[in-house]
Amino acid sequence: MNNKNFHPTLIEPPIAHALHKWDEEKRVLTYEYNGRNIITMEIGGDDEVGFRHGSDGNLQNIPFIQQLYVMLDRKVTSKVTLLLSKDAINMKPNRAKSEEAIIGQVGRPTIKGVNGVYDIHQDLLIDWNGCEWRWISDRFEENDDGTLKVEVEVDLGPKPLFINLRMQYYRRHLGYSYHKPWEFRPNLKPLAGWCSWEAFRRDVTQENVEEVSKFFGETLRDYGLEYIQIDDGFQPMPLPKNPKGSLAEGWLNTNSQFPKGHKGAVEAIKEEGLKAGIWTNANITNEEFAKEQKEHLIIGNDNKPMLGEWIDYLIDSSKESLDKHIAPFYKGLKEHGYDYFKTDAIRHLLLDGYHEAVRQGLMTNEEAEAKFRAYMECARENIGDEAYFLASWGVLSEVIGVVDACRISMDANPTWAGIRMQIVESARWFHAQRILFLIDPDHICARTNVEWARSVCSLISLSGGLYMLSDPLKDYDENRLEIIKKTLPTLKTFTGETGTLDLSYPAFTWTKLHGFAVPRENPVENEDITIDEALNMAGNYKSMNDNHPFSTLWNIHIDREYRKWSVLSRFATVPLKESVVEFKDLGLNSDKEYLGFDFWENKYLGKNKYSITCKELELGSCQIISLTEVKEHPQVIASTRHVSMDDISIKSQKWDNNRLLLELEGIKDTTEAYYFHIPKGYAVSSIKGINSNIDYTQKDELLTVNVGYTEANSGMEIVF
């Protein structure tokens, strides 16, 4: 099962050790795995080289771990080349610890101190430890055949270098057994849209869809909002209404709220240049249907159709039942023109349905897993590989290898409990981002406190999550629309760290411990405790002695041919003190100077070495800072267009013969500011706009250029 973004390898990678070969004459040690020399060490000097032979370094068979070991009598600086498949990234082999930033990446950068690589298509994790090392490569380089290589310099000697190889890492070591990236990769595209649920609940109508589509087509489509997703409320109830018919009829027909049917809803959305999404769930609510067609349902010990908690009657997921009741409605909805499918209540189908059947002795664990997997595979087969598929809710490992995105949290809402849940659960599951699936922290309630909205929108945009708004149109005031525009589209961010799931703090939102809220001048619902109570609760689950407890500190490394920078992000899931953030904890080089710019304060933070001082943050607020390495010549360091500062509107930057050339892509008839660092010795001679109106000011080393876009494709030339 493939999609257009996926290029499969030919075979499943073997669970077997890499084979060594030592060339005495050239002093080159290689390790071959799956048909290529994945590790090549060019070892200088003339000392005898000590290394493990064959299977000597195999530490464990299930899951498989091989450890390579190289040692010399004297220190010798050597080069190690890693040769990987067509899809590989830098990967920290453990999750962020206290005071360390959660690491993400856009592009294929090499990141200071990140001592591992992950070959995505082979599901192979390689990490190294022991002796001192540093990157030779600035980024992963593509070979003529499309494979990737990256080079590392290591100080071999009496202190050994040891390299760990973990074959089928996510599948076997982390236990995601359906992760087979050589067969299936999720759709990796950034995705943004609007969902009807929080705006209308089950009262959504055709008229609502028309109004919403027109609004977003006019205001946010050009900024990257792509989908309008109709949620619960369009279908006739009970489901299915005809007890002798197919379950598919219940989903393919609409109720009186949608008199134009699916055809009318889809047309209204597409007329505004947007794509249509649809919600369905796995529930069967009609008792008469259960009596008439019990042969397609799970039957309990009382010989009656079984009822589950949080779900009614349960499809048995036999081939006959799926062919009659499930396949036709997914195929039919696709034929109606829907491109995005949110499948809900599958958690309850599995956990409160099939698992309950196991508990009652009605089926085995293996049968329950197979039935659930069959349901999801049936859905995917009938919507096709090109459709976007979201599993909702909870990370159900059986959906991996079938869906594109997975909802990682409970229902979001505009309370602080709901917002905080989205940030914390995004951090907890970040090791899965664009490896197993796209993270969906559930819909964004932008009508919440404006600072909380700023935080959750910034987090989802920068971490590359699924960005689905869900509010009544009246709540999109000027402030909130400005936040949304500056956080759309989301980045195509991959995780830069991996490891086991952290279970040391509570999940989701529905506890006082995890769900505290704080009174504000304009409170939202359920804010019923004081700041002191909130702080006490926070201190109970994570030490408030930490400047940055888990989920509060992130750094997204962005690598483009024309520019490398990172975006330091602080999210106050607990109140954050003014503190010094060290560059070593961000994956940055402490010996280099970095130019800082605070996005939301629109403030230049100057040159910083070793660390950067960050301000105090109130509960729920955020701080977003770009960090760009100082160069000897002028360069762009930030913009007002996008919270990434700016991976969206800047398409290229070229320094040539005392000229700085920028290719831009913006929103016609809007104005954005671009900020440049001008080192001493350079003076602006002229600035010319291309398809844009330009004005500029300079204060000391900061040049501000305002670009008024007369066309979307634009640019500027700055002469010094």
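Residues numbered from 1 in each chain as written. Predicted model: local features only at pLDDT ≥ 70, side-chain atom pairs only at ≥ 80, totals over all residues. Heavy atoms only, no water.

A. Region of interest: the overall build of the protein chain. The number of helices and strands found in the protein chain is 13 helices and 41 strands. Over its C-alpha atoms, taken along the principal directions, the protein chain stretches across nearly 80 × 65 × 55 Å. For the protein chain, buried positions account for 61% of its 720 residues. Counting only contacts in the protein chain whose residues sit at least 6 apart along the sequence, the fraction spanning at least 24 positions is 73%. Counting every atom, the protein chain has about 28200 Å² of accessible surface; 45% of that belongs to carbon and sulfur. One finds the centroid of the 82 positive side-chain charges in the protein chain at a distance of 2 Å from the centroid of its 109 negative side-chain charges. (Helix = DSSP H or I, 4+ residues; strand = E, 2+ residues; numbered from the N terminus. Buried < 20%, exposed > 50% of the residue type's maximum accessible area, 1.4 Å probe, protein only. Contact = heavy atoms within 4.5 Å. Areas by Shrake-Rupley, 256 points an atom, 1.4 Å probe, with all protein chains shown as cover. Lys, Arg positive; Asp, Glu negative; His and termini not counted. Charge placed at Lys NZ, Arg CZ, Asp CG, Glu CD.)

B. Examining helix H10 (residues 416-428) more closely. Helix length check: H10 (13 residues) gives 18 Å between terminal C-alpha atoms against 18 Å at 1.5 Å per residue, within 8%. Among the 13 residues that make up H10, 13 are buried, leaving the element largely enclosed by the rest of the structure. (Expected span 1.5 Å × (residues − 1).)

C. Representation of helix H8 (residues 346-359) within the structure. Between its terminal C-alpha atoms H8 stretches 18 Å, which fits the 20 Å expected from 14 residues at 1.5 Å a residue. Summarising burial for H8: 11 of the 14 residues are buried, a large majority. Of all the positions in H8, only Ile346, Arg347, His348, Leu349, Leu350, Asp352, Gly353, Tyr354, Glu356, Ala357 and Val358 are classed as buried. Of the surrounding secondary structure, the elements contacted by the buried residues of H8 are strand S19 (307-308), strand S20 (311-313), strand S21 (340-344), helix H9 (365-383) and strand S22 (388-391). After H8 finishes, the residue Gly361 shows a positive phi value of roughly 80°.

D. The pattern of salt bridges, seen in detail. For the coordinates displayed, the defined rule picks out 45 salt bridges. Its salt-bridge partner being Glu198, residue Arg201 comes within 3.1 Å of it at the nearest N-O pair. A salt bridge links Arg407 to Asp442; its shortest N-O distance comes to 3.7 Å. With Arg407 in strand S23 (residues 405-407) and Asp442 in the loop between strand S24 (438-440) and helix H11 (450-463), the pair connects residues that are 35 residues apart, well separated along the chain. Several salt bridges share partner residues, and in doing so they unite Lys75, Arg134, Glu153 and Asp155 into one network. (Salt bridge = Lys/Arg side-chain N within 4 Å of Asp/Glu carboxyl O.)

E. Highlighting the side chain of Glu497. Tracing the backbone shows Glu497 in the loop between strand S26 (494-495) and helix H13 (531-541). In terms of polar contacts, Glu497 uses its side chain to reach the side chain of Arg95, at 2.9 Å. Those residues in contact with Glu497 that sit more than four places away from it in its chain are Met91, Lys92, Asn94, Arg95, Ala96, Ala101, Ile102, Ile103, Tyr170 and His431. (Polar contact = N/O pair within 3.5 Å; in protein donor to acceptor, adjacent residues only side chain to side chain.)

F. Region of interest: the pairing of strand S29 (residues 579-582). Burial along S29 is one-sided: the face carrying Ser579 and Val581 is buried and the face carrying Val580 and Glu582 is not. Across four bridges, the pairing between S29 and strand S32 (residues 611-614) is antiparallel. Across the sheet, Val580 pairs through a bridge with Thr613, a residue of S32. (Pairing = 2+ DSSP bridges.)

G. Summary view of the packing of H8 against H9. In contact at an axis separation of 9 Å, H8 and H9 are set at 155° when each is read in the N-to-C sense. By the angle class used here, H8 and H9 are roughly antiparallel. The chirality of how H8 crosses H9 is right-handed. Contact with H8, carried on its side by Ile346, Leu349, Leu350, Tyr354, His355 and Val358, involves Asn365, Ala368, Lys371, Phe372, Tyr375 and Met376 of H9 and no other residues of that element. Broken down by class, the residue content of the contact of H8 with H9 amounts to nine nonpolar, two polar and one charged. (Axes fitted to C-alpha atoms, helices over the stretch in contact; angles between N-to-C directions. Parallel < 35°, antiparallel > 145°, perpendicular 65-115°, else oblique. Left-handed = near helix turned anticlockwise from the far one by under 90°. Nonpolar A, V, L, I, M, F, W, Y, C, P; charged D, E, K, R; others polar.)

H. A look at the sheet that holds strand S34 (residues 635-639). Strand order in the open sheet made by the four strands is S34-S37-S40-S39, with antiparallel pairing throughout. Every interior strand has two partners, whereas the edge strands, S34 and strand S39 (692-699), have only one. Each strand of the sheet is rotated relative to its neighbour by a mean of 25°, with strand direction disregarded. Here S39 runs beside strand S40 (residues 702-709); their pairing, made up of eight bridges, is antiparallel. Note on S40: the bridge partner recorded for Lys699 is Leu702.

I. Spatial organisation of the environment of Val80. Looking at the element boundaries, Val80 is found in strand S7 (residues 76-84). Accessibility expressed as a relative area gives 6% for Val80, which makes it buried. Counting along the chain gives 51 residues from Val80 to Leu29, while the straight-line C-alpha distance between them is 9.4 Å. Apart from residues no more than four positions distant in its own chain, Val80 is found in contact with Ile39, Thr40, Met41, Val150, Glu151, Val152 and Val154.

J. Examining the confidence of the model for the protein chain more closely. Looking at the protein chain as a whole, its pLDDT mean stands at 93, while 93% of the residues score no less than 70. Under a pLDDT of 50 for its full length, residues 1-9 has, in the predicted model, 26 contacts with residues more than four places off or in other chains. Across residues 510-543 the pLDDT falls below 50, and counting only partners more than four positions away or on other chains, this stretch makes 69 contacts in the model. (pLDDT = per-residue confidence, 0-100.)

K. Structural context of the packing of aromatic side chains. Going through the model one piece at a time under the given rule, you end up with 26 aromatic pairs. The interplanar angle of 45° and the centroid separation of 5.3 Å between the aromatic rings of Tyr227 and Tyr340 together place this pair among those described as tilted. With Tyr227 in strand S17 (residues 227-230) and Tyr340 in strand S21, this pair connects stretches of sequence that are 113 residues apart. By the burial criterion, Tyr227 is buried, and Tyr340 matches it. Aromatic rings pair up to connect Phe234, Trp251, Trp279, Phe329, Tyr330 and Phe341 into one cluster. Taking the ring centre of Trp393 as reference, the NZ or CZ of Arg347 above it sits at 3.8 Å. One Lys or Arg, Arg563, reaches over the ring of Trp565 and ends 3.8 Å from the middle of that ring. (Phe/Tyr/Trp six-rings, centres within 6.5 Å; stacked < 30°, edge-to-face > 60°. Lys NZ or Arg CZ within 6 Å of the ring centre and 35° of its normal.)

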